[in-house]
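# Structure at a glance
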Amino acid sequence: MSTIQLEQVAGNDVNLKLALADAHLPTDDIEDNGRTFFKALSLDGRIIGFSGIEHCGGDFLLRSVVVLPDQRGQSLGGILVEQTLAGLDRGGDVFLATTSAAPFFARLGFSEVQRASVPAAVLATRQLSSICPSSATIMRLTRPPT
């Protein structure tokens, strides 16, 4: 039985924006079309964190994964990622960009990839084309999170 449940929220959700800003994650494009965001709730209804998915043709960009500071250290980040990815069409690949969390995502089954191997639709997202620095690590899911 999972320790969290996901509830879809709009990109203009105040708590989402605050959590991302507090974690120094971008908020510039979260209200654009093609993005789906989730609020992670504990079984007693407390907000644990947030996550998001951006559709990129047949592929996906995992984004905006944040566990609130008072909930960290309980292995909830991995559960949040796993549940966020659970409903995706597995015909497409899942990518992400990070400036500081590559080791965390590597433990969840993501591997670093070169920009040249990333599909054009993923590279064309605002996240990768203008918001994230060119020094960000781009990763692709190579095995399901465990």
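The present account deals with the structure reproduced in this document.

The rules behind these values
Per chain, residue numbering runs from 1 following the sequence as it is written. Per-residue local features are limited, in this predicted model, to residues with pLDDT of at least 70; the limit for side-chain atom pairs, both in listing and counting, is 80 or more; totals at the level of whole chains, interfaces and linings are taken over all residues. Calculated side-chain values reflect all of the structure's heavy atoms, with hydrogen atoms and water omitted. Note on conventions: DSSP H or I runs of at least 4 residues are helices, E runs of at least 2 residues are strands, and numbering of each starts at the N terminus. With C-alpha atoms as the basis for the radius of gyration, the globule rule is written as 2.2 Å multiplied by the number of residues raised to the power 0.38. Partly exposed residues are those whose accessible area sits between 20% and 50% of the maximum for their type, while under 20% is buried and over 50% is exposed, using a 1.4 Å probe and protein chains only. Each polar contact in these results corresponds to two N or O atoms within 3.5 Å; when the atoms are within protein, one needs to be able to donate a hydrogen and the other to accept it, and residues that are neighboring in sequence are counted only if both atoms are side-chain atoms. Put simply, the grid is 1 Å and covers the protein atoms alone, a cavity is a trapped set of points that fit a 1.4 Å probe, a pocket is an open set with protein on both sides within 12 Å along at least five of seven lines, and lining residues have an atom within 4 Å of a point. Grid points are joined across faces, edges and corners, and a volume is the space filled by probe spheres set on the points. When residue character is reported, Ala, Val, Leu, Ile, Met, Phe, Trp, Tyr, Cys and Pro are called nonpolar, Asp, Glu, Lys and Arg charged, and the others, Gly included, polar. Among buried residues, those of type Ala, Val, Leu, Ile, Met, Phe, Trp, Tyr and Cys that are joined through side-chain atoms within 4.5 Å constitute a nonpolar core. Residue contacts follow a heavy-atom distance rule, with two residues in contact if any of their heavy atoms lie within 4.5 Å.

Now for the overall build of the protein chain. Of the regular secondary structure elements, the protein chain holds five helices and seven strands. Each helix and strand of the protein chain, ordered N terminal to C terminal, gives the series β-α-β-β-β-α-β-α-β-α-α-β. By the compact-globule yardstick of 15 Å for 146 residues, the protein chain fits well, its C-alpha radius of gyration being 14 Å. Dimensions of the protein chain, computed from the C-alpha atoms along their principal axes, are close to 45 × 30 × 25 Å. Per-residue burial for the protein chain yields a buried fraction of 46% across its 146 residues.

Here we take up the environment of Gln74. Summarising the element assignment, Gln74 is placed in the loop between strand 4 (59-67) and helix 2 (76-86). Counting along the chain gives 56 residues from Gln74 to Leu18, while the straight-line C-alpha distance between them is 21 Å. In this structure the side chain of Gln74 is engaged in a polar contact, spanning 3.1 Å, whose partner is the backbone oxygen of Gln71.

So, about the layout of surface pockets. Approximately 680 Å³ is the volume attributed to the largest pocket. For the lining of the largest pocket, the secondary structure elements donating two or more residues are strand 4, helix 2, strand 5 (94-98), helix 3 (102-107) and helix 5 (126-131). With seven residues, the single largest contributor to the lining of the largest pocket is strand 4. Broken down by class, the residue content of the lining of the largest pocket amounts to 17 nonpolar, 11 polar and two charged.

Soluble globular proteins tend to pack their nonpolar side chains together in the buried interior. In this structure, Leu62, Val81, Leu85, Val94, Phe105 and Phe110 are the most contacted members of the largest nonpolar core, which totals 20 residues. Sequence-distant contacts of Phe110, that is, excluding residues within four places in its chain, are made with Leu62, Val81, Leu85, Val94, Leu96, Phe105, Met139, Arg140, Leu141 and Thr142. Of all hydrophobic cores here, the second largest spans 11 residues; its members include Cys56, Val113, Val122 and Ile138.

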